[in-house]
Structures are given as C-alpha cells and as structure tokens.
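# Tertiary structure, described
Below are the chains, spelled out letter by letter.
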Amino acid sequence: MMTLPYDEFKTRADKVRAQIAAACVAVGRDPAKVELLAVTKTHPAAAADYAARYGLRAVGENRVQEAVAKRAECSAAITWELIGHLQSNKAKLAAETFDRVQSVDSVKLVNHLDRAAAAAGKVLPILLQINAGQDPAKFGAEPTDAPALLEAALAAGALRVDGLMTIAPLSDDPDVARRTFVNLRTIRDELAGRFGTPLCELSMGMSGDLQAAIEAGSTQVRVGTALFGTRA
Ligand SMILES: *Cc1c(COP(=O)(O)O)cnc(C)c1O
C-alpha cells in the first residue's frame, strides 16, 4: 500500500499541473504541449496505478529491475519510461521492459539497444541524454559527442529517436538550471537542422526546476517529489 492516499496525490498532481500551466502561460506556450511524467522510482507499484487513474500517459523509473517487478504487479494501463543510467549489459532487459528509454548516452548503448529491440521484434523509442549542464556528477553524452551519437541512433533500424533529455546540475543558483535547459534547446535546434530530423521531445525539468525548463521549451517534465512526496 501507498502511504500517500489517492486524494492527496490528486491534490498534489492538480497543483503541479497548475504550475505547468502558469509557466506555459507566462511564455505564451500551450500547456497541452508539456507532458507530466510521473516519476515513481522507490515508490510501490500503486504509484503507477495512481498516475494512470489520474490520466497520465506514462511513468518514469530509474532502475531496470525495479521497473520489471512493478510492471508485473501493476494492473494499470500506463507506459513505462527509463530515465536512469543504463549499462549495456542490461540493454536486453531494458528493451523488453520499457516503452521508451530516455537515458541513451553512448554509441555502445545505441548498438546494444538496437540489437535487443530487433531481437524483441519491436522498434524502441529513445531519447538521447545530453550533459547540457557540463555536470561532472551527471551521466549523459557531452554536447560535443552529440552529433556522432545521433548519427548512430538514426542509423539503428530498431530505434526511433524522439528527442533529447537532460538533468540540470544540483545548484543553489537557479541560473544554472536555466542555462542548462537553454543549452539543451540550442543543441536540439542545431542537431535538428543539421540532420533534418525534428527531435520534438525535450525531456527536461523536475520538481524543483520545471518552470525554467518550460520557459526554455521543455515538452516533458519528470516529476517525482512534488507528486508522491520525499523519497526514503
Ligand atoms: C528522480 C528523477 C526525477 C524526479 O525528481 P524530483 O526532484 O523528485 O521531481 C527526474 N528525472 C530523473 C532522471 C530522476 O532520476
């Protein structure tokens, strides 16, 4: 059982949606163009049920094994996205388990996921994770490696590249997140022009920095704490 009752979750989710809407209105964007991804990591499978009941399309998990277990337990019709670092040796299980993998950060991982998706008989949607904040503590491809990574991903027949993802460095200075998100948007615009592919999805922004992310063009905010409370 969840410690958080559904009604409380709903109140929190309404509040997050209002925050998203306000951030959109402030910069003249359509709130319908910013998706709320419920980050259910460390919470029981019931968290995914809550998200589905609230009408969300997808949940985000950062560990493959944890998602495998919860997916088996969860009756809800909802899709599952991997947002945490993925090692190549878990690519097969990840390709089988997830509806989209957001944390693709190396050519090696592209190749492993491509083979695994092909073997599973599916085309796996992915995002390329870029270290747009130049954060030494974060995973993600360096911006200078992004063109080669995209080239490999576009050549992978069993992968579909939806866009880019980033995590802003932890900082007390809100400008750090802002610069990271603007940087990801700029990288996207450059890659989209150079490779002639739209890269529509920009997954950026979490509980603490979603406003800055939406101002910079985020199409999906990944929110855990603001929906489910502090993680143990
Ligand atoms: C945990 C996590 C989130 C959610 O963070 P909150 O601050 O709890 O909203 C978003 N993105 C990634 C990649 C995460 O690992």
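Residues numbered from 1 in each chain as written. Predicted model: local features only at pLDDT ≥ 70, side-chain atom pairs only at ≥ 80, totals over all residues. Heavy atoms only, no water.

Further remarks concern the site of the ligand. Around the ligand lies a shell formed by Val39, Lys41, Ile83, Ile167, Met206, Ser207, Arg222, Val223, Gly224, Thr225 and Arg231. Between the ligand and Gly224, the relevant distance is 2.9 Å, taken from an oxygen atom to a main-chain nitrogen or oxygen of the residue. A distance of 2.7 Å separates an oxygen atom of the ligand from a polar side-chain atom of Arg231. When the free accessible area of the ligand is taken as 390 Å², the share hidden by the protein chains comes to 89%. By residue class, the composition of the shell around the ligand is five nonpolar, three polar and three charged. (Near = heavy atom within 4 Å. Polar contact = N/O pair within 3.5 Å; in protein donor to acceptor, adjacent residues only side chain to side chain. Areas by Shrake-Rupley, 256 points an atom, 1.4 Å probe, with all protein chains shown as cover. Nonpolar A, V, L, I, M, F, W, Y, C, P; charged D, E, K, R; others polar.)

With respect to the helices, strands and loops of the structure, Ser103 is situated in strand S4 (residues 100-104). Along the chain, Ser103 and Glu190 lie 87 residues apart, while their C-alpha atoms are 20 Å from each other. Apart from residues no more than four positions distant in its own chain, Ser103 is found in contact with Leu82, Ile83, Gly84, His85, Leu86, Leu109, Leu127 and Gln129. Side-chain polar atoms of Ser103 contact the backbone oxygen of Gly84, separated by 2.7 Å. (Helix = DSSP H or I, 4+ residues; strand = E, 2+ residues; numbered from the N terminus. Contact = heavy atoms within 4.5 Å.)

Looking now at the nonpolar core. If you look at the biggest cluster of nonpolar residues, it comprises 72 residues, and the most contacted ones within it are Phe9, Ile20, Val101, Leu113, Ile126, Leu128 and Leu227. Per element, the largest residue contribution to this core is seven residues, and it comes from helix H1 (residues 6-26). Filtering out sequence-adjacent residues up to four positions away, Leu128 remains in contact with Gln102, Val104, Leu149, Leu150, Ala153, Val161, Gly163, Leu164 and Met165. In this structure, Val39, Leu127, Met165 and Ile167 belong to the second largest nonpolar core, which totals seven residues. (Core = buried A, V, L, I, M, F, W, Y, C linked by side-chain atoms within 4.5 Å. Buried < 20%, exposed > 50% of the residue type's maximum accessible area, 1.4 Å probe, protein only.)

Regions of empty space are outlined by a rolling probe, equal in size to a water molecule, passed over the atoms. Taken as a whole, the largest pocket encloses approximately 870 Å³ of empty space. Lining the largest pocket are 34 residues, with Ile167, Ala168, Leu170, Met206 and Asp209 sitting closest to its centre. At the level of secondary structure, the elements contributing two or more residues to the lining of the largest pocket comprise H1, helix H7 (174-195) and helix H8 (210-215). Examining the composition of the lining of the largest pocket, we find that four residues originate from one element, H8, more than from any other. Here the lining of the largest pocket is built from residues that sort into 15 nonpolar, 11 polar and eight charged. (1 Å grid on protein atoms, 1.4 Å probe; cavity = no way out; pocket = protein on both sides within 12 Å on 5 of 7 lines; lining within 4 Å. Points joined across faces, edges and corners; volume = space filled by probe spheres on them.)

What follows concerns the side chain of Ser203. Examined against the element boundaries, Ser203 turns out to sit in strand S7 (residues 201-203). In this structure the side chain of Ser203 is engaged in a polar contact, spanning 2.8 Å, whose partner is the side chain of Gln102. Those residues within four positions of Ser203 in sequence are excluded, and the remaining contacts are Gln102, Leu127, Leu164, Met165, Thr166, Gln220 and Arg222.

It is worth spelling out the packing of aromatic side chains at this point. All told, the structure shown has five aromatic pairs when counted by the stated rule. Seen in terms of ring centroids, Tyr6 and Tyr50 are 5.4 Å apart; in terms of plane orientation they differ by 85 degrees. Their pairing is edge-to-face. Residue Tyr6 is found in helix H1, and its partner Tyr50 is found in helix H2 (residues 46-54); the two are separated by 44 residues along the sequence. Neither residue differs from the other here; Tyr6 and Tyr50 are each classed as buried. The ring of Tyr6 is capped by Arg53, whose NZ or CZ atom sits 3.7 Å from the centre of that ring. (Phe/Tyr/Trp six-rings, centres within 6.5 Å; stacked < 30°, edge-to-face > 60°. Lys NZ or Arg CZ within 6 Å of the ring centre and 35° of its normal.)

Under the 1.5 Å per step criterion, the end-to-end length of helix H5 (residues 107-119) is 18 Å for 13 residues, consistent within 8% with the ideal 18 Å. Among the residues of H5, Leu109, Val110, Leu113, Asp114, Ala116 and Ala117 are the ones counted as buried. One or two residues past the end of H5 sits Gly121, with phi positive at roughly 70 degrees. (Expected span 1.5 Å × (residues − 1).)

Right, let's talk about the pattern of salt bridges for a bit. Evaluation of the coordinates by the stated rule reveals 17 salt bridges. Among the salt bridges present, the one from Lys10 reaches Asp14, with a minimum N-O distance of 3.0 Å. Residue Lys10 and its partner Asp14 are located together in helix H1, separated by four residues, close to a single helical turn. With a relative accessible area of 35%, Lys10 lands in the partly exposed category. Under the relative-accessibility criterion, Asp14 is labelled partly exposed at 34%. Note that Glu66 and Lys70 form a salt bridge whose closest N and O atoms lie 2.9 Å from each other. With a gap of four residues between them, Glu66 and Lys70 both fall in helix H3 (residues 64-73), about one helical turn apart. As far as burial versus exposure is concerned, Glu66 and Lys70 are alike and both buried. (Salt bridge = Lys/Arg side-chain N within 4 Å of Asp/Glu carboxyl O.)

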